[in-house]
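Overview (structure and organization)
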Number of protein chains: 2
Amino acid sequence: MGVDGPGSKTGGSPHDGTLSEMEGFFNPRGVAVAGASKTGMKLGNVVLSNLLRLGYRGRIYPLHPEGGEIMGIPAYPDLRSLGEAVDLAVSVLPRESTQAFVEECAAAGVRRVIVSAAGFADDGEEGRRMQERLAETARRSGMRLMGPNSVGTVSTHSGLATSLMTLEPLRPGNISIVAQTGLFAGGFARWISSTQRFGLAKVACLGNKADVDEVDVLAYLQEDPQTAVVAVYTEGLRHGRKFLELAREVTERKPIVLLKGGRTDLGARMAAGHTGSLAGEDAVYRGALTQAGVVQVEDIEGLFGCAKALSYCPLPRGPKVGVVSITGAGTVLVADACRMRGLELPPLREETLRRVRKSVPEWASLGNPADIWSATLSSGVEGGYRELLRAVAGQEDVDLLVVLFTLVPESEFDAASFLGDVREEHPEKPVLACLLGASREDGERWFYRLEEIGIPVYTSIERCVEAAWALVRAARRRAAERREYAPEGTHLGESPGRRP
Amino acid sequence: MGVDGPGSKTGGSPHDGTLSEMEGFFNPRGVAVAGASKTGMKLGNVVLSNLLRLGYRGRIYPLHPEGGEIMGIPAYPDLRSLGEAVDLAVSVLPRESTQAFVEECAAAGVRRVIVSAAGFADDGEEGRRMQERLAETARRSGMRLMGPNSVGTVSTHSGLATSLMTLEPLRPGNISIVAQTGLFAGGFARWISSTQRFGLAKVACLGNKADVDEVDVLAYLQEDPQTAVVAVYTEGLRHGRKFLELAREVTERKPIVLLKGGRTDLGARMAAGHTGSLAGEDAVYRGALTQAGVVQVEDIEGLFGCAKALSYCPLPRGPKVGVVSITGAGTVLVADACRMRGLELPPLREETLRRVRKSVPEWASLGNPADIWSATLSSGVEGGYRELLRAVAGQEDVDLLVVLFTLVPESEFDAASFLGDVREEHPEKPVLACLLGASREDGERWFYRLEEIGIPVYTSIERCVEAAWALVRAARRRAAERREYAPEGTHLGESPGRRP
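Please read these numbers as outputs of a predicted model, since none were measured by experiment.

1. Notes on the environment of Gln395 of chain B
All names here are of chain B. With respect to the helices, strands and loops of the structure, Gln395 is situated in the loop between helix H13 (373-394) and strand E18 (400-405). Residue class for Gln395 comes out buried when judged on its relative accessible area of 3%. As for Gln395 and Gly322, which are separated by 73 residues in sequence, their C-alpha atoms are 8.8 Å apart. In terms of polar contacts, Gln395 uses its side chain to reach the backbone amide nitrogen of Arg349, at 2.9 Å.

In structure tokens:
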């Protein structure tokens, strides 16, 4: 009857009732894996190893013509011999064997299959025809097919990972990723595991999208209680209109950050070769996606950087940024970046200036961005930050805060303590931090200290401002939905508060 | 007679003859430091500590009204009591005491002074007048003044560092930095020390530029044998025309990468407050700087990323990039990035395809960017990279190579070995690498392995392509100078080869 994953307490099914079509891709009661070797370490064995190591709690069925055992688990010669119509089958077979396996799935009443082989619509006319046959087989039997050219899904809450690349445990969190690449269940997942603080809920790697596409997964994530932010990498939205309609609904409650691959003619040509996607006119996409409230970014760093801020922070009431910095060049560059992103820097008010006057020499002028250098002369570095930040945060028309640090032994102090204070005093105002230069050790220590308390940290001014801009975009979208839309430069209504 | 720094072997002067005006800012025979405390750890003490710890080989003279000892070194009550007109004085005194000290320097025949205090042209009309007085005092006595609002200079070859922030030893190298901020002798220097592989020659932090400005330092670096690449951060070129004329000369032999702070109205306003700079019209700058062959970047990451590539790589013969990638999304995004940067992706030729045919399944199409995924099916990951990269590198109209990796245990191999082979076979073709996702440990290991053999490594596709673009810009500039200018899209003449 298959072997329960190591996370299973009772050996029984952790679920009852019928799974929704998409839920079964992330939270199946059982998974069958075709393509593992009994002797070597094939990619199918990597899938099994991920399921065993990451704590998947459902039943695991290796498939092998000879039966026997694979990696200590009883193997089954075919799907029919499992004794149940398994919730999810994963094919790590060569391209040539894929059609037969998908037909076997259909015959065995399997509801969902993930196909990893490439060489279908990503590779010429013959491949496209083969892919159409796969899709047709799935359609006829009412089975859903993810791929081909897909490494499938990851779900941190169920411990499922169908990736062909060895993963380390990922921190559960509220960001879900839908991507037309396996990178997010491969190298990037390993990067997140070992260097990042943010957590993931679900990852779906869609590959060529013969059947399951962004619309299916987004509709599922819309209702998924573990998902608060959706990050999308797509090379072409097959059902563009449907996606836009759905995205417009989703962004009412959950921000979507999206990176479009194939924005140029050369990129679009590669996209056709990679996932068989038609990249479409970038300008058309951009306008329509913006209309739908989608936050569009230009690269993968932007995708992660914005998703992280949306995961950690409340949405601001408006686009007015208060900046505190110890570096003068930082104030210049952050002002440039805010201007380019359409964020505003409200001038400091009389009252704000009065509050900090005793910390700042009389001759020193002070603006927004506020350069704390002069304040350090009398109050020290920590005192300078603390006084100025508190005053700027307290100014009514400051909607969110960006704090720039440069880490040298001369400015060693506990920033998390006073940033935490500011957040407690103004829970409705997002706080973002930027570390401009630090030794490896200092940088890591500050990064974790600040991210632990929910302050997203960046090492680039432009990335930090981009994330602030994403918060403002998402806030504006939500305010518009509540018919509180205010023109640029005015407040956008009450913050909906921190999301789960 | 002052105390010799720890790097001194003989106790005597390491130099003979007269220093040039600028040379003395980087390689002085002696340094006097005003503003260290005998009891506490003031910023002046940090300067002394940097001189002692980083191996400065000249004489070190702490100045203190009471004489005695500071940090184990004899202190002197004033400059006259040193018994020599010291090559360089560093003032870490408060703003109010600065004018008097600069006058003392002039009276004592000191040739160069660095002034760290802020609150001059960076802070209103009164400050501007005070700064003018400093400059006037220097001018009258023929003394050169760096600052105010400057943390001065770093020279890795002489061990000099006048920074107010504790530095760790920096690897000597061929990049020099001229910046209107102390960041590059502060947090960024610490970041470089502890995480980067590239080396620096000189760093000059110019502050408000009351006297010494970019033109002075650039003219010096033009002739400096240790400098092969110049990185500039400026908030406004006071002597714009002079700078452009000089830059046009410098870029004939040494690439200049430049970041302009204050490119927007808001940024320009902050620049006026930071260094008293007039930021000028960004569009005017951009056009003129491009004309002068300067590589302009948009942020600090671009400044470092491009300078690194220029430091490591030969200049390519043309703008044609060959890309090899294991990730399909990588091929799409790199094609987008190349297109946006005006780089070309020549199609693979018949001969190139013939060379790799036996590594690639018959059904797999192959282009440029080349997705090695299909080749891994028969040749494994390492074999796939090796075969494809060698073939692409061998194609005559490929001028430079970009290789994308994603690091998972399934693709663990020694990339440095075959990248090194490719480089040996084609020493005239720059090779750049991009790591798309890796665990911390894998990422660091690969980073150092590849950078050790002179391959610049990036963790972002766009940064990697930006650096490739910088190489192409610099190559085009040099080719134009040799009257071998070729229109875009054609070869730019022979590569001048790897610089020192």
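2. Topic: the sheet that holds strand E20 (residues 457-458) of chain B
All names here are of chain B. Pairing is parallel in the open sheet, where 5 strands are placed in the order E17-E16-E18-E19-E20. Edge strands, defined here as strands with exactly one partner in the open sheet, are strand E17 (370-371) and E20. Bridging between strand E19 (residues 431-435) and E20 involves 2 bridges; their strand directions are parallel. Looking across to E20, one finds that Cys434 is bridged to Tyr458. Seen against the sheet, helix H11 (residues 328-341) touches strand E16 (321-325), E17 and E18 and runs at an angle of roughly 140° to E18. Running over the sheet, helix H14 (residues 415-425) touches E18 and E19 and is turned about 170° from E18.

3. Section: the packing of helix H14 (residues 415-425) of chain A against helix H15 (residues 440-452) of chain A
Residues and elements named next belong to chain A. Between H14 and H15, the least distance of the axes is 9 Å, while the angle of their chain directions is 25°. Classed by the angle they form, the pair H14 and H15 counts as roughly parallel. Crossing hand, H14 versus H15: right-handed. Contacts from Ala415, Ala416, Ser417 and Leu419 of H14 reach H15 at Trp446, Arg449 and Leu450. Looking at the contact of H14 with H15 residue by residue, the classes come out as 5 nonpolar, 1 polar and 1 charged.

4. Details of a nonpolar patch on the surface
A surface patch of nonpolar side chains, about 260 Å² in accessible area, is lined by Leu43 of chain A together with Trp373 and Leu377 of chain B. Within the secondary structure layout, Trp373 of chain B lies in helix H13. For Trp373 of chain B, a relative accessible area of 30% gives the class partly exposed.

5. Remarks on the interface of chain B and chain A
Taken residue by residue, the interface counts 72 residues in chain B and 72 residues in chain A. Per-residue buried area on chain B facing chain A is highest for Met270, Trp363 and Arg440 of chain B; these three make up 13% of the total on that side. Summed over the shared surface of chain B and chain A, the result is 8 salt bridges. A salt bridge links Glu444 of chain B to Arg440 of chain A, with the nearest nitrogen and oxygen atoms 2.5 Å apart. On the surface where chain B and chain A come into contact, there are 20 residue pairs in polar contact (both at pLDDT 80 or more). Of all elements in the fold, only helix H2 (43-53), helix H3 (95-107), helix H5 (187-195), strand E14 (256-260), helix H8 (265-275), helix H10 (300-312), H11 and helix H15 (440-452) of chain B reach the threshold of two or more residues within the side of chain B that touches chain A.

6. A closer look at unusual backbone geometry
Most peptide bonds adopt trans geometry, and most residues besides glycine take a negative phi value. Between Gly147 of chain A and the following residue, Pro148 of chain A, the backbone shows a cis peptide bond with an omega angle of -5°. Structurally, Pro148 of chain A is set in the loop between strand E8 (144-146) and strand E9 (152-155). Of note, Asn149 of chain B is a non-glycine position whose phi angle comes to about 70°, a positive value. Among the structural elements, Asn149 of chain B can be located in the loop between strand E8 (144-146) and strand E9 (152-155). Taking relative accessible area as the criterion, Asn149 of chain B reaches 19% and is therefore assigned buried.

7. Considering the pairing of strand E14 (residues 256-260) of chain A
All names here are of chain A. Within E14, 5 of the 5 residues are buried, leaving the element largely enclosed by the surrounding structure. Burial along E14 is two-sided: Ile256, Leu258 and Lys260 facing one way and Val257 and Leu259 facing the other are all buried. Between the parallel pair strand E13 (residues 229-234) and E14, the chain is carried across by helix H7 (residues 240-250), and the sense of this crossover is right-handed. Strand direction decides the pairing type here: E14 and strand E15 (residues 295-297), joined by 3 bridges, are parallel. Looking across to E15, one finds that Val257 is bridged to Val295.

8. Quick notes on the pairing of E9 of chain B
In regular strands, side chains alternate between the two faces of the sheet. All names here are of chain B. In terms of strand pairing, E9 meets strand E12 (residues 200-205) through 4 bridges, oriented antiparallel. The residue of E12 that forms the bridge with Val154 is Val203. Alignment of E9 against strand E10 (residues 160-161), held across 2 bridges, turns out to be antiparallel. Note on E10: the bridge partner recorded for Ser155 is Leu160. Linking two consecutive strands that pair antiparallel, namely E9 and E10, is a turn of 4 residues; a positive phi of about 80° is found at Gly159 within it.

Definitions and limits used
Residues numbered from 1 in each chain as written. Chains lettered and ligands numbered in written order. Predicted model: local features only at pLDDT ≥ 70, side-chain atom pairs only at ≥ 80, totals over all residues. Heavy atoms only, no water. Helix = DSSP H or I, 4+ residues; strand = E, 2+ residues; numbered from the N terminus. Buried < 20%, exposed > 50% of the residue type's maximum accessible area, 1.4 Å probe, protein only. Polar contact = N/O pair within 3.5 Å; in protein donor to acceptor, adjacent residues only side chain to side chain. Pairing = 2+ DSSP bridges. Contact = heavy atoms within 4.5 Å. Axes fitted to C-alpha atoms, helices over the stretch in contact; angles between N-to-C directions. Parallel < 35°, antiparallel > 145°, perpendicular 65-115°, else oblique. Left-handed = near helix turned anticlockwise from the far one by under 90°. Nonpolar A, V, L, I, M, F, W, Y, C, P; charged D, E, K, R; others polar. Patch = residues over 30% accessible without salt bridge, like charges linked within 9 Å, V, L, I, M, F, W, Y side chains within 5 Å. Areas by Shrake-Rupley, 256 points an atom, 1.4 Å probe, with all protein chains shown as cover. Salt bridge = Lys/Arg side-chain N within 4 Å of Asp/Glu carboxyl O. Buried area = accessible area lost by both parts, 1.4 Å probe. Right-handed = clockwise from strand over helix to strand, strands pointing away.

Worth remembering: the numbers are spatial, not functional.
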